[in-house]
Amino acid sequence: DFTKSWIIILQTVTLIPGDGIGPEISTAVMKIFEAAKAPIQWEERNVTAIKGPGGKWMIPTEAKDSMDKSKIGLKGPLKTPIAAGHPSMNLLLRKTFDLYANVRPCVSIEGYKTPYTDVDLVTIRENTEGEYSGIEHVIVDGVVQSIKLITEEASQRIAEYAFEYARNNQRASVTAVHKANIMRMSDGLFLRKCREVAENFKDIKFTEMYLDTVCLNMVQDPTQFDVLVMPNLYGDILSDLCAGLIGGLGVTPSGNIGANGVAIFESVHGTAPDIAGKDLANPTALLLSAVMMLRHMGLHGQAKKIETACFDTIRDKKVLTKDLGGNSKCSEFTGEICRRVQDME
Amino acid sequence: YPPLTTIPPPAKYGGRHTVTLIPGDGIGPELLTHVRELFRFCCVPVDFEIVSIDSKSTSDDDMNNAITAIRRNGVALKGNIETNHNLPPSHISRNNILRTSLDLYANVIHCQTLPGVRTRHRDVDIIIIRENTEGEYSSLEHENVPGVVECLKIITRKKSLRIAEYAFNAARQNGRRRVTAVHKANIMKLGDGLFLQCCKEVAAGYPEITFDSMIVDNTTMQLVSKPQQFDVMVMPNLYGSVISNVCAGLVGGPGLVPGANYGKDYAVFETATRNTGKSIANKNIANPTATLLASCLMLDHLRLHGYASMIRKAILATVSETRLHTADLGGQGTTSEVVQSVMREIESKGPRTSEQI
């Protein structure tokens, strides 16, 4: 195509390096993207909470403005403040951009052996309400009530996202995970909305399964699962369980979809302060999240190229970071992926 | 299998115990029939009082009969009762009603790798102690505004202390070294925070046992990669459902693991993962192992240890025979073949005298 070879549209992505190993794995991702000639320009921003007018905690204006404009973010791990006085940064980001869907594709990585092979599923977790509403009361001394909130609106929104995701990513089925036998009204509402939305997506197979049955079956045969959609707590547990199947948080990508077209992709591991700054970190999780981001942006060719280079490096086993079983540095691992990407040109 | 409970068994009349039997739905009736068959074969001094619960009925009569029978006999063996989750919230899960009415506060599941069963992980030996009556299973929900539903999770000091005490006591009695509390107190600061606090308090009274805690999502991640690190685990209701199903899956699936529900005065035995197995019912393909092992737990509870050991040994010998494996274990064996094999195994050990039992 004549025009394509002359016009390169650079898309801006807001980059939040984060804390601990965040900066170095972000640098690794930027290097690999450069080697792949991905049409991305990075806008680095800090999201450490500040107190806004009225005393309310918020993310810095520069960060919010950047994200509102670019709509796409890539984020490294943020440290959890203990005495900083402000709420969890992840929570603040979630609220600021109404990040209602947490999406984790879990695919077995060839070359990084776990007891489970051929895992290829996606967990889609409602991320705004459910058991994480934060509404708790001490009724009388020694009796605590925690409120799980399920609304029609949020359930519909997440169900719609799940089915659209399935359609856009050529997935065959969506399974709603629930415990409506016990939580009849709340999970029942969630289930009903999923059923309603399923009616508009007849090309996708819809099934329902109890949370405990999913857990039971997941650890015996994860290949039977495709796309799973569920409320907040079940999503939290299942997404981590599935990450465990493929090798843990160090190799699992994650994406958060917000209202108004905002999407923030992130690695979900910790900041690893003990190895920060020592060139030992594994950038795979952040890199695969960035690949997920490219797919979200429609840049499938680039995504495939970078993902293949990453997987090939891991499969080859010659240059691996310590957590993957090798003894190479982060920069060496990154360099190897860059080399492979360039060889693919 | 030393007893995990200190409840004295109900009285024997004429040397025989009466146990309530609730067939339930799906594979329950056929598997419990096999239990009766096996017990008759072994001359186990147990008589079953069968109480049916029609899961399709919305009346309370069946439930009341069952609860009365269990109160009378003190012990029950049950299949899972199906819950139609499309019925309105007023129709509470029958299994749940049984547990709360009889205050069966401890659900105890022992997941062990069995010889002859091929699993991805070896040397798994975890005792799960799950609070069985409150938490997310309180059945308290309301819709104040259309489209906005609140579901209450209740955690009380009294029940948290009670289950923690049960867990540490069980750990001590069984010579186990470590109790791990599973929670999500970073998010549910008050609820799970209270649970965790109670566990810590009880732990102080058991200095020989190591106590630690782990957040539930990390726990599931650890279980699928390194389950050998866990010993005894204690947790509130919902996490108990997740963890017990994960662990049962790790050691071979729903067909293998028995479960026990203990209260102060009553004990009810069933499979660990409480499935009805509707899709495989009445096809002679269900794995009877979990149900048979549950009946052994029941025999131990009745202090009929001789019978319990005899039957358990035979079951474990049978399960190690790959050619007898049912479909859930990847084989083509039938339910009746497994039961027959257990009986043959028992028979081959020679006639039993009352001294041996």
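Cut-offs used in this document
- Residues numbered from 1 in each chain as written.
- Chains lettered and ligands numbered in written order.
- Predicted model: local features only at pLDDT ≥ 70, side-chain atom pairs only at ≥ 80, totals over all residues.
- Heavy atoms only, no water.
- UniProt positions renumbered as here; feature names shortened; annotations may be inferred.
- Pairing = 2+ DSSP bridges.
- Helix = DSSP H or I, 4+ residues; strand = E, 2+ residues; numbered from the N terminus.
- Axes fitted to C-alpha atoms, helices over the stretch in contact; angles between N-to-C directions.
- Buried < 20%, exposed > 50% of the residue type's maximum accessible area, 1.4 Å probe, protein only.
- Right-handed = clockwise from strand over helix to strand, strands pointing away.
- Parallel < 35°, antiparallel > 145°, perpendicular 65-115°, else oblique.
- Left-handed = near helix turned anticlockwise from the far one by under 90°.
- Contact = heavy atoms within 4.5 Å.

The name given to chain B in an unreviewed UniProt entry is Isocitrate dehydrogenase [NAD] subunit, mitochondrial, with the source organism recorded as Denticeps clupeoides. Word for word, the UniProt comment on chain B under Subcellular location (unreviewed entry) is "Mitochondrion". UniProt, in its Sequence similarities (unreviewed entry) section for chain B, records the words "Belongs to the isocitrate and isopropylmalate dehydrogenases family."

Per an unreviewed UniProt entry, chain A carries the name Isocitrate dehydrogenase [NAD] subunit, mitochondrial and comes from Denticeps clupeoides. Listed under Catalytic activity (unreviewed entry) in UniProt, the entry text for chain A is "D-threo-isocitrate + NAD(+) = 2-oxoglutarate + CO2 + NADH". The Sequence similarities (unreviewed entry) field of the UniProt record for chain A holds the comment "Belongs to the isocitrate and isopropylmalate dehydrogenases family."

Participant: Help me get a handle on the sheet that holds strand E1 (residues 17–22) of chain B, residues and values and all.
Facilitator: Residues and elements named next belong to chain B. The sheet built from ten strands is open, its strands ordered E2-E1-E3-E12-E11-E4-E5-E10-E8-E9 with mixed pairing. Of all the strands in the sheet, the pair left with one neighbour each is strand E2 (46–50) and strand E9 (210–215). Neighbour to neighbour, the strand axes of the sheet diverge by 25 degrees on average, direction disregarded. In this sheet, strand E3 (residues 75–78) lies alongside E1 in parallel orientation, the contact comprising three bridges.

Participant: Give a detailed account of the pairing of strand E10 (residues 173–178) of chain A, specifying residues and quantitative values.
Facilitator: Residues and elements named next belong to chain A. Within E10, six of the six residues are buried, leaving the element largely enclosed by the surrounding structure. Going residue by residue along E10, you find Ser173, Thr175 and Val177 tucked away on one face and Val174, Ala176 and His178 tucked away on the opposite face as well. Two elements, E10 and strand E11 (residues 205–210), share six bridges in a ladder whose sense is parallel. Along E11, the bridge assignment pairs Ser173 with Lys205. Handedness of the crossover joining E10 and E11 through helix H5 (residues 186–198) is recorded here as right-handed. Relative to strand E12 (residues 227–230), E10 is paired through three bridges, and the arrangement is parallel. Bridge assignment links Val174 to a residue of E12, and that residue is Val227.

Participant: Quick rundown of the packing of helix H8 (residues 284–296) of chain A against helix H9 (residues 300–316) of chain A? Include the residues and the values.
Facilitator: All names here are of chain A. The contact between H8 and H9 brings their axes to 8 Å, and the two run at 160 degrees. Comparing their axes, H9 and H8 come out roughly antiparallel. Seen from above, H8 lies across H9 with left-handed handedness. Of the residues in H9, those in contact with Thr284, Leu287, Leu288, Val291, Leu294 and Arg295 of H8 are His300, Gln302, Ala303, Lys304, Ile306, Glu307, Cys310, Phe311 and Ile314.

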